Amino acid sequence: MFTLNKIYAWSLTQYQRVVMLDVDNLFLRAPDELFQCGQFCAAFINPCIFHTGLFVLQPSNETFSIMMHDISIGKENKDGADQGFLVNHFNDLLDQPLFHPPADGSRLTGLFRLPLGYQMDASFFYLKLKWRIPCGPNSVITFPSVPMLKPWYWWSWPTLPLGLLWHEKRVATIGFMVETPILIAESLLYIIIMLLALIIRQKCASSEKSSMARISCFGRGPCAEKSLYRPWSIKVIILGLVTGSFLLPAFTIPTTVHPFMGWGVFLLGSFSLLTLVINVFQLPALAVLTPWLGGIGALLTLGSPIYTNGIMRGVGIGVYTAMTTPFLWWAAKRVSGVVDVKAHWEPLMAWTSLRSEPASEILMKLC
């Protein structure tokens, strides 16, 4: 219901011109010449439908009254929002001339189409990884993507490389002073968690040494095979903890921080939580950290500046995915195998000593 609030801009009759902007516009220059445009001006991203992320209007009580009347009677609206309503109201804009600002600074009258340079769709950039907008000055980038990939979210980069431009503008204006203390506190917490994991590992190591003195042979003591629990339940728990090690940092990081700051704290947080899982369950470190290492590789692959166009970037992502899939499968099998051994032998002995060799062989060596 609130998307139609843009209509109230026509009631601002104390101004001669109003430039209406969506929040996902990124200015590359100051387009002050827009105030010279006519009664209504908008750019066509779609060849036949103009985009209402940026438009120029001349406030008018008469126009405002007509629009309010159309809304009250439920006039046809293709999308139920401002886009569909304004396209229906100014249905002849496609036939109007292209806007060229007068050199003398005077204001035009009538309707005009804005050059595409005033609403450069970010998706145009990703095909060539460069701008090629010949008509009009390259002035404003718009990001009409899905809401969760808007440029102000730290996770939108490097999937959408143009997000860095947004954060560069923010650094030059309001900065990140609000989010920085939160990131510092989270980083200190994750460092404490890693220290806790090291303490757990040392205690387990000392317990292993004392337990080795009590090891005896086939069925005559602590070496005896026994089923302590169901392996699948432990596998589910470990899978949940590993997944949570990635989700918890992602949800606790402020959403609008700089991508470098966000991804840095995310990697630190997920690494610290994974080390805790590794040491609590005595899992093979490399296997558990394989998804984390794969994530770093994905960031480097997506954010690499070597690509000449979007097609090559897509090929690079596909090749990287194909190369990393076997490693992820190996890691899953490796952790699953350790859990299977753990399920049938004494916890400390099996969890540490029976990692790479069959249980019977290790048992013979120990006995």
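The rules we used
- Residues numbered from 1 in each chain as written.
- Predicted model: local features only at pLDDT ≥ 70, side-chain atom pairs only at ≥ 80, totals over all residues.
- Heavy atoms only, no water.
- Helix = DSSP H or I, 4+ residues; strand = E, 2+ residues; numbered from the N terminus.
- Buried < 20%, exposed > 50% of the residue type's maximum accessible area, 1.4 Å probe, protein only.
- Contact = heavy atoms within 4.5 Å.
- Areas by Shrake-Rupley, 256 points an atom, 1.4 Å probe, with all protein chains shown as cover.
- Pairing = 2+ DSSP bridges.
- Axes fitted to C-alpha atoms, helices over the stretch in contact; angles between N-to-C directions.
- Parallel < 35°, antiparallel > 145°, perpendicular 65-115°, else oblique.
- Disulfide = S-S within 2.5 Å.
- Expected span 1.5 Å × (residues − 1).
- Salt bridge = Lys/Arg side-chain N within 4 Å of Asp/Glu carboxyl O.

Taking an unreviewed UniProt entry as the reference, the protein chain is identified by name as Glycogenin glucosyltransferase belonging to Physcomitrium patens.

Participant: Can you help me understand the overall build of the protein chain in this one?
Facilitator: Counting its secondary structure elements, the protein chain contains eleven helices and seven strands. Taken over 367 residues, the protein chain has a buried fraction of 43%. A fraction of 67% describes how many contacts in the protein chain between residues 6 or more apart in sequence connect residues 24 or more apart. Approximately 19600 Å² of the protein chain is accessible, and the part contributed by carbon and sulfur atoms is 68%.

Participant: Is there a simple way to explain the sheet that holds strand S7 (residues 140–142) in this structure?
Facilitator: Within a sheet, adjacent strands bond to each other through the backbone by hydrogen bonds, running parallel or antiparallel. A sheet is described by the order of its strands in space; here three strands give the open sequence S2-S7-S6, paired in mixed fashion. Every interior strand has two partners, whereas the edge strands, strand S2 (25–27) and strand S6 (120–121), have only one. As paired strands, S6 and S7 are joined by two bridges and run parallel to one another. Paired with aspartate 121 across the two strands is threonine 142, which belongs to S7. Together, S2 and S7 form the strand contacts of helix H4 (residues 163–172), whose direction differs from that of S2 by roughly 65°.

Participant: Quick question: what am I supposed to make of the packing of helix H7 (residues 259–281) against helix H8 (residues 285–303) here?
Facilitator: Two numbers describe a pair of packed helices, the interaxial angle and the distance between the axes. The N-to-C vectors of H7 and H8 enclose an angle of 170°; their axes lie 9 Å apart at closest approach. When the interaxial angle is binned, H7 and H8 end up roughly antiparallel. Residues Trp263, Leu267, Ser270, Phe271, Leu274 and Ile278 of H7 lie in contact with H8, whose contacting residues are Ala285, Val288, Leu289, Trp292, Ile296 and Leu299.

Participant: Before we go on, may I ask you to explain the state of the cysteines in this structure?
Facilitator: One pass over the full model with this rule turns up one disulfide. With its sulfur 1.9 Å from that of its partner, cysteine 37 forms a disulfide with cysteine 41. Residues cysteine 37 and cysteine 41 share a disulfide whose torsion about the S-S bond is about -105°; that sign makes it left-handed. The pair formed by cysteine 37 and cysteine 41 is uniform in burial state, with each residue classed as buried.

Participant: I would appreciate a short explanation of H7 in the present structure.
Facilitator: At 3.6 residues per turn, the α-helix brings residues three or four places apart onto the same side. Look at H7: 32 Å from first C-alpha to last across 23 residues, which is about the 33 Å you get at 1.5 Å a residue. Glutamine 282, located one to two residues past H7, shows a positive phi value of around 55°.

Participant: When you look at unusual backbone geometry in this model, what are you seeing that I'm missing?
Facilitator: What you tend to see is this: most non-glycine residues have negative phi, and most peptide bonds are trans. Proline 158 follows tryptophan 157 through a cis peptide bond whose omega is 10°. The phi dihedral of glutamine 282 falls on the positive side, at around 55°, and the residue is not glycine. Within the secondary structure, glutamine 282 sits in the loop between H7 and H8.

Participant: Looking at this structure, I do not really get the pattern of salt bridges. What am I missing?
Facilitator: Note that side chains of opposite charge can pair when their charged atoms are close. Summed over all chains, the structure comprises seven salt bridges. The residue aspartate 24 makes a salt bridge to lysine 150 at a minimum N-O spacing of 2.7 Å. On the criterion of sequence distance, the pair formed by aspartate 24 in the loop between strand S1 (18–21) and S2 and lysine 150 in the loop between S7 and H4 is long-range, its members being 126 residues apart. With respect to burial, aspartate 24 and lysine 150 carry one shared label: buried. Close ionic contact of arginine 29 with glutamate 33 constitutes a salt bridge, the shortest N to O distance being 3.0 Å. You can call glutamate 33 buried: its relative accessible area is 12%. When salt bridges that share partners are traced, they join Lys6, Asp22 and Asp82 into one network.

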